[in-house]
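# Remarks on the overall topology
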Amino acid sequence: GLLNTVTPLKVTIVTNLLNLVLDPILIGGSLLRSVFGGFGAAGAAIATSASEFTSSLIYLRLLFRRKLVDWTKLIKPPSLASLLPLVQGGFAMLIRQMTLNVAFVSAARRAQAMDSSGTMAAAYAIVMQIYSLGVVLHLGIQGTAAALVPSARAMGGAQGDEAARKIADRIFSWGTLLGVILALVQMVAIPYIAPLFSPLESVRQAVKGPAVISALIHLVNGLVFAGEGVMLGLGQFKDLALITCCGVGTMVACLKSPLGQTLNGVLLSLAAFNTVQGLLTWLHHIRFSPLRRRGFRKFRKGLKSVEDEC
């Protein structure tokens, strides 16, 4: 909210280093092995919980130091009127996340049920790991849009809307450019990085086609994540949830069709989901968003009348 990206980065580095140190100790380090035998998976959970708790304490101290929070307001229950917009927005985002979970669980289930050897399931897991590396960068675009658009709009009036509109347009452009770059980089890197995930030749061969499809999905991901970030920044939670439901519906329909019987088809279903998401978020930006260019239609009508007179 304060556009301070350095402080969260420092806190994240500290807490991740703490997690990195605690993991080997609590999972089964030499000290605990001799005393307790190690905690295994529970130790990993304890290490993560400890690092997250440390992160919350650091942020709380920073908020108090900068006088952004005081104890009286912290322990005072908020009014129902102030909670209602948060509840409405939170419910819309909950529905959105639930539909996303349904879609991706369905895709994983399809991949796992394709063969008893587990080759397709392993290939799907590898493809999604490679694909998720690019998604991390797209999420950076999304977070940037969610922070900068409302900050510019806070100027108020037409001036604020115009500033926010210019930022949103630039974010869409940069997001699209990032998608093109990621698609090219992933396609070039696939022959080199895919063998690093599995020694089995059958899995390596199964990865090739779906990995190319996942690389092409980045071409529309630029629109998807930029549009989602702009909508989050504008508080358009209900519209975003509806768009996500449309995308998920398309993906599930593809998975239920004969397309979902192959691993390439599962990735094409994901591509259909992202394409619908990208097109609808862009359509929302230019036609239904609070930042839409309201005077464009009037300008076009005026131009047509001038042409008629001539």
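This is a predicted model, so every value here is computed, not measured.

Time to look at the overall build of the protein. Helix and strand content of the protein: 11 helices and zero strands. The secondary structure elements of the protein, listed N-terminal to C-terminal, are α-α-α-α-α-α-α-α-α-α-α. When contacts within the protein are restricted to residue pairs at least 6 apart in sequence, long-range pairs at least 24 apart make up 76% of them. For the protein, the exposed area adds up to about 18,300 Å²; of that, 69% sits on carbon and sulfur atoms.

Membership of the largest hydrophobic core comes to 31 residues, with the highest contact counts inside it found for Tyr-124, Val-207, Met-251, Leu-267 and Leu-270. Those elements giving two or more residues to this core turn out to be helix H5 (80-112), helix H6 (119-153), helix H8 (201-234), helix H9 (237-256) and helix H10 (263-288). Ala-164, Ala-168, Ile-171 and Leu-291 belong to the second-largest nonpolar core, a separate cluster that totals 15 residues.

In this section: the state of the cysteines. For the structure shown, the criterion picks out zero disulfides. Just so you know, Cys-246 is unpaired, no disulfide at all, and the nearest cysteine sulfur is the one on Cys-245, 7.1 Å from it. A relative accessible area of 43% means that Cys-246 is categorised as partly exposed.

Right, let's get into the confidence of the model for the protein. Across the protein, the average pLDDT comes to 83, with 89% of residues at 70 or higher. Mean pLDDT values over the elements of the protein span from 47, in helix H11 (residues 296-309), up to 92, in H10. Counting interchain partners and residues more than four positions distant, the pLDDT-below-50 stretch residues 296-303 has one contact.

Axis separation between H5 and H6 bottoms out at 7 Å; the angle between their running directions is 140 degrees. What the angle tells us is that H5 and H6 run oblique. Contact residues: Phe-104, Ala-107, Ala-108, Ala-111 and Gln-112 in H5; Met-120, Ala-121 and Tyr-124 in H6. Broken down by class, the residue content of the contact of H5 with H6 amounts to seven nonpolar, one polar and no charged.

Let us now look at a positive patch on the surface. Together, Lys-10, Arg-61, Arg-65 and Arg-66 give the surface a local cluster of positive charge. A relative accessible area of 58% places Arg-61 in the exposed class.

Between the first and last C-alpha of H9 there are 28 Å, a value that for 20 residues agrees with the 28 Å anticipated at 1.5 Å per step. Those residues of H9 not exposed but buried are Leu-240, Ala-241, Ile-243, Thr-244, Gly-247, Val-248, Met-251, Cys-254 and Leu-255. Mapping the buried residues of H9 onto a view down its axis gives an arc of 160 degrees, with all of them on the same face. Exposed side of H9, more than 90 degrees from the buried face: Lys-238 and Lys-256 are the residues found there. Where H9 is buried, its residues meet H5, H8 and H10.

Let us now look at the packing of aromatic side chains. How two aromatic rings sit relative to each other is set out by the distance from centre to centre and by the angle between their planes. Using the criterion set out here, one finds two aromatic pairs in the structure. Taken together, a centroid distance of 5.1 Å and an interplanar angle of 75 degrees make the contact between Phe-172 and Trp-282 edge-to-face. Taken as a pair, Phe-172 in helix H7 (residues 157-193) and Trp-282 in helix H10 lie far apart in primary sequence, 110 residues in all. The buried category is assigned to Phe-172, whose relative accessible area is 4%.

So, how was this worked out
- Residues numbered from 1 in each chain as written.
- Predicted model: local features only at pLDDT ≥ 70, side-chain atom pairs only at ≥ 80, totals over all residues.
- Heavy atoms only, no water.
- Helix = DSSP H or I, 4+ residues; strand = E, 2+ residues; numbered from the N terminus.
- Contact = heavy atoms within 4.5 Å.
- Areas by Shrake-Rupley, 256 points an atom, 1.4 Å probe, with all protein chains shown as cover.
- Core = buried A, V, L, I, M, F, W, Y, C linked by side-chain atoms within 4.5 Å.
- Buried < 20%, exposed > 50% of the residue type's maximum accessible area, 1.4 Å probe, protein only.
- Disulfide = S-S within 2.5 Å.
- pLDDT = per-residue confidence, 0-100.
- Axes fitted to C-alpha atoms, helices over the stretch in contact; angles between N-to-C directions.
- Parallel < 35°, antiparallel > 145°, perpendicular 65-115°, else oblique.
- Nonpolar A, V, L, I, M, F, W, Y, C, P; charged D, E, K, R; others polar.
- Patch = residues over 30% accessible without salt bridge, like charges linked within 9 Å, V, L, I, M, F, W, Y side chains within 5 Å.
- Salt bridge = Lys/Arg side-chain N within 4 Å of Asp/Glu carboxyl O.
- Lys, Arg positive; Asp, Glu negative; His and termini not counted.
- Charge placed at Lys NZ, Arg CZ, Asp CG, Glu CD.
- Expected span 1.5 Å × (residues − 1).
- Arc of directions from axis to C-beta.
- Phe/Tyr/Trp six-rings, centres within 6.5 Å; stacked < 30°, edge-to-face > 60°.

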